[in-house]
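Below, each chain spelled out in residue letters.
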Amino acid sequence: MSLVFGLDIVALFALLLALAGVVGSLIPFAPGAVFSLAGVGLYWWSTGYTDPGPLVLAGLVTLGVVTLLVDWFGGAIAAEAGGASTRTTILAAVAGVALLFVAGPVGVLVGVAGTVFLAEYLGGADREASLRTALVTTAGMLASNVVQALLTGCILLGLALTVFL
């Protein structure tokens, strides 16, 4: 393959996918972990399944799977930790997805927080408890994105070290 910046074009594309994974992990509902895993898989394929070696590959894939789990369940776990009911969690998830298309990532946060507050308040919780549940849920969603960014950053770093060393 031709070289770009001293790298094989496929290796460069694999690194760009891993970088897209880090960026995607900061955007609600973007498949950051999937991009990272695709970058690792592409590079592994391009080397004839020899690099990274089995232990590094297993570590990178494990990080990717953990990142997927955090992505899928982090918000629900945060809502549960904040005291939200299952019904509230489902309503908030639906509102978040709908508002992503209307108002982007900020809409997701505001929509989820507002939905949790209203659902809990209308469900019989007092104003302070409803507000606390909404704040814990929102903080948990933000923390989930930070954890995803750190994990996908580790995948990017591991892949870069593999490519360059």
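For clarity, every value in this text was computed on a predicted model and none was experimentally measured. (Residues numbered from 1 in each chain as written. Predicted model: local features only at pLDDT ≥ 70, side-chain atom pairs only at ≥ 80, totals over all residues. Heavy atoms only, no water.)

### Section: the packing of aromatic side chains
Applying the stated criterion to the full structure yields two aromatic pairs. Summarising the aromatic geometry, the rings of Trp-44 and Tyr-49 are spaced 4.8 Å apart at their centres and angled 80 degrees between planes, so their arrangement reads as edge-to-face. What makes Trp-44 partly exposed here is its relative accessible area of 27%. Assessed through its relative accessible area of 48%, Tyr-49 is described here as partly exposed. Judged by centre distance (5.8 Å) and plane angle (5 degrees), the ring pair of Phe-117 and Tyr-121 falls under stacked. A residue pair is termed a helical-turn pair when its members lie 3 or 4 positions apart in one helix, as Phe-117 and Tyr-121 do in helix H4 (residues 86-122) at four residues. Classification of Phe-117 as partly exposed rests on a relative accessible area of 24%. (Phe/Tyr/Trp six-rings, centres within 6.5 Å; stacked < 30°, edge-to-face > 60°. Buried < 20%, exposed > 50% of the residue type's maximum accessible area, 1.4 Å probe, protein only. Helix = DSSP H or I, 4+ residues; strand = E, 2+ residues; numbered from the N terminus.)

### Structural notes on the side chain of Thr-137
With respect to the helices, strands and loops of the structure, Thr-137 is situated in helix H5 (residues 127-164). Given a relative accessible area of 2%, Thr-137 falls into the buried group. In this structure the side chain of Thr-137 is engaged in a polar contact, spanning 2.8 Å, whose partner is the backbone oxygen of Thr-133. Contacts of Thr-137, omitting those with residues within four sequence positions, involve Ala-78, Ala-79, Val-112 and Val-116. (Polar contact = N/O pair within 3.5 Å; in protein donor to acceptor, adjacent residues only side chain to side chain. Contact = heavy atoms within 4.5 Å.)

### A word on the packing of helix H1 (residues 9-25) against helix H2 (residues 32-46)
Each pair of packed helices gets described by two things: the angle between the helix axes and the distance between those axes. Packing of H1 against H2 brings their axes to within 6 Å, and their N-to-C directions diverge by 165 degrees. Between H1 and H2, the crossing angle belongs to the class labelled roughly antiparallel. Crossing handedness for the pair H1 and H2: left-handed. Packed against H1, whose contacting residues are Val-10, Ala-11, Phe-13, Ala-14, Leu-17, Ala-18, Ala-20, Gly-21, Val-22, Gly-24 and Ser-25, the element H2 presents Gly-32, Phe-35, Ser-36, Ala-38, Gly-39, Leu-42, Tyr-43 and Ser-46 at the interface. (Axes fitted to C-alpha atoms, helices over the stretch in contact; angles between N-to-C directions. Parallel < 35°, antiparallel > 145°, perpendicular 65-115°, else oblique. Left-handed = near helix turned anticlockwise from the far one by under 90°.)

### A word on the side chain of Ser-144
Here Ser-144 lies in helix H5. On the basis of relative accessibility, which here comes to 7%, the residue Ser-144 falls in the buried class. Aside from chain neighbours lying at most four places away, what touches Ser-144 is Val-70 and Gly-74.

Any functional reading would require information that these geometric values do not contain.
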